[in-house]
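# Inside the fold
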Amino acid sequence: MITISSILYSVIAIGSAWLPTISTVLVARFFLGTMHPTSLQTGFILAMEVTEPKRRTAVGIVQFLSWAIATILWGAWAYLIRDWRWLQLAVSLPCLLFVISLWIIDESPRWLIVAGRHEEAIRVLERAAYWNKAELPPRDKLLTLMKDIHNRLRASDKNEETPTLSKRMKMMSQSATILLRTPKLRIITLVMNIDYFVVAMVYFGLNLSSGSFRVDPFLYMVIAGIVEVPSNTVTIPVVEKYGRKVPMMLFYFITGVSLLLQPLIPEDYNWLSITVVMIGKLSISVAFQIVFLYASELFPTEVRTRGAGSAMMSSRAGAMVSPYLMSSLGSLYPWTIPVVFGLAAIIASLAPLPLKDTLDAVLPDTIADLESNNTNFD
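What counts, and at which threshold
Residues numbered from 1 in each chain as written. Predicted model: local features only at pLDDT ≥ 70, side-chain atom pairs only at ≥ 80, totals over all residues. Heavy atoms only, no water. Helix = DSSP H or I, 4+ residues; strand = E, 2+ residues; numbered from the N terminus. Buried < 20%, exposed > 50% of the residue type's maximum accessible area, 1.4 Å probe, protein only. Contact = heavy atoms within 4.5 Å. Areas by Shrake-Rupley, 256 points an atom, 1.4 Å probe, with all protein chains shown as cover. Arc of directions from axis to C-beta. Axes fitted to C-alpha atoms, helices over the stretch in contact; angles between N-to-C directions. Parallel < 35°, antiparallel > 145°, perpendicular 65-115°, else oblique. Left-handed = near helix turned anticlockwise from the far one by under 90°. Core = buried A, V, L, I, M, F, W, Y, C linked by side-chain atoms within 4.5 Å. Expected span 1.5 Å × (residues − 1). Salt bridge = Lys/Arg side-chain N within 4 Å of Asp/Glu carboxyl O. Polar contact = N/O pair within 3.5 Å; in protein donor to acceptor, adjacent residues only side chain to side chain. Nonpolar A, V, L, I, M, F, W, Y, C, P; charged D, E, K, R; others polar. pLDDT = per-residue confidence, 0-100.

## With respect to the overall build of the protein
Within the protein, the secondary structure is distributed over 19 helices and zero strands. Here the protein holds 378 residues, and 44% of them are scored as buried. Here the contacts in the protein between residues at least 6 apart in sequence split such that 79% fall between residues at least 24 apart. Carbon together with sulfur atoms contributes 69% to the accessible area of the protein, which is approximately 19800 Å² in total.

## Details of helix α14 (residues 235-242)
Because the α-helix completes a turn every 3.6 residues, residues three or four places apart line up on one side. Among all positions of α14, only T235, I236 and V239 are buried. Relative to the axis of α14, the buried residues are bounded by an arc of 100 degrees and lie together on one face. Across from the buried face of α14, at angles greater than 90 degrees, the exposed residues are K241 and Y242. The secondary structure elements touched by the buried residues of α14 are α3 (53-62), α13 (228-231) and α16 (270-298). Looking one or two places after α14, you find G243, whose phi comes out positive at around 85 degrees.

## So, the packing of helix α11 (residues 183-207) against α16
The geometry of α11 relative to α16 is characterised by a closest axis approach of 9 Å and an angle of 150 degrees between their N-to-C directions. By the angle between their directions, the pair α11 and α16 is classed as roughly antiparallel. Crossing geometry of α11 relative to α16 is assigned as left-handed. Every residue of α16 that contacts α11 at I188, M192, D195, Y196, V199, A200, V202, Y203, F204, L206 and N207 is listed here: V277, G280, K281, I284, S285, A287, F288, V291, F292, Y294, A295 and L298.

## Some points on the nonpolar core
M192, V202, Y252, I284, V291 and F292 are the most contacted members of the largest nonpolar core, which has 55 residues in total. Looking at this core, the elements that each hand over two or more residues are α2 (22-49), α11, α14, α15 (245-261), α16, α17 (304-329), α18 (336-350) and α19 (367-372). By residue number, the principal contributor to this core is α16, which donates 14 residues. Beyond its immediate stretch of four places on either side in the chain, V202 contacts T255, L259, I284 and F341. If you look at the next biggest cluster of nonpolar residues, it comprises eight residues, including I113, A121, I122 and V124.

## A few points about helix α1 (residues 2-15)
Helix length check: α1 (14 residues) gives 20 Å between terminal C-alpha atoms against 20 Å at 1.5 Å per residue, within 8%. Along α1, the positions that sit buried rather than exposed are I2, S5, S6, S10, A13 and I14. Looking down the long axis of α1, one finds its buried residues gathered within 140 degrees of arc, a one-sided arrangement. Away from its buried face, by an angle of more than 90 degrees, α1 presents the exposed residues I4 and V11. As for α1, its buried residues are in contact with α2, α5 (84-92) and α6 (95-101).

## Let's talk about the pattern of salt bridges
For the structure shown, the criterion picks out ten salt bridges. A salt bridge links D106 to R127, with the shortest nitrogen-to-oxygen separation between them at 2.8 Å. Linking D106 in the loop between α6 and α7 (109-114) with R127 in helix α8 (residues 118-131), this pair joins segments that are 21 residues apart in sequence. What you see here is one network of salt bridges that share partners, running through R56, R244 and E297.

## Points about the environment of E126
Structurally, the position occupied by E126 is in helix α8. Judged by its relative accessible area of 37%, E126 falls in the partly exposed class. Between the C-alpha atoms of E126 and R139, which are 13 residues apart in sequence, the distance is 9.8 Å. Of note is the side chain of E126, whose polar atom sits 3.2 Å from the side chain of R139.

## Some remarks on the environment of L298
Relative to the assigned elements, L298 resides in helix α16. The exposure class of L298 is buried, given its relative accessible area of 0%. Through-space distance from the C-alpha of L298 to that of T358 is 7.2 Å; in sequence the pair is 60 residues apart.

## A look at the packing of α2 against α16
At a minimum axis distance of 10 Å, the contact between α2 and α16 shows a crossing angle of 65 degrees. Of the two elements, α2 crosses α16, and the hand of that crossing is right-handed. Between α2, through L40, Q41, F44 and M48, and α16, the contact on the second element is made entirely by F292, L293 and S296. Here the residues of the contact of α2 with α16 are counted per class, giving five nonpolar, two polar and no charged.

## Notes on the confidence of the model for the protein
This prediction gives the protein a mean pLDDT of 84; 90% of its residues lie at or above 70. For the protein, per-element mean pLDDT is lowest for helix α10 (residues 165-176), which scores 55, and highest for α15, which scores 94.

Structural data, given as structure tokens:
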């Protein structure tokens, strides 16, 4: 998925600089919007599945540092390059660097084990052991462990015989609703969809709202990127010490409070208004990183990509709603934008209450593993 989406994204992004009409640009944007979360979410999950528990926090959060740096560069590039075609080309060419890295990326050994491709999983682990100068358990012991995981997954499927047409239809229906099939998985799915929707709606809303705060859009974009840099560094020790759940709820809450305070600030104090909004921007950026990390650890390997993908789809819906809220409400009642965003952030801060933390927890491999223990729920 990473390979397909990255190559298609690079080709479409670079080719967009030469598209002749606005209609073709919008079509290209649609496909870019399809490929971007596919590459982003799948790549994040892959990184989490190949990282040992004590390093997952740092690896999961530091990945977003490049996002903050790119946001800063966007403001600078857009200021220097005013022709949109050259700007599109300038920001798309770096995609080619990532395509080169595809040659050294292995498949997730966790996914290979769950899929029953044990020999491939061992080869990936052997390469990792060689690079890290580590020693693996004996090959026969590894195979036994892998077969045990795979057999537990198969044991959860009662229909071993060749399914009839009606059973195939039932299986397709169950596959489409698998994230809602069991109680714990259902709660995780609901909470993550709520928090992803809100975090994207608020994050992208604040990124695009320079006009609402009467500031230079290029400078606003640079500042918005700068305030994200601490969230990609200071967040790591905070999350390593206090876990995922409490910091995520806290930063959602700080976002909500700061945005709710913004309409109360007099217009003469524009600097204070921007400061309060940037506090909200910093907080929602931290929440964005933690919710990515939290979701990748909550969903079991069997449905991790599907679960995180459904949550990512909710985030795209939130990002899509955001500019319409600003254009419809902001033009008539500008104060309603921070109020709506603030209230949404408060709701998102309360949503994870049923969940437990996943700090240093062993990632569940199957839905049966998730339902058979109490590691993910209060």
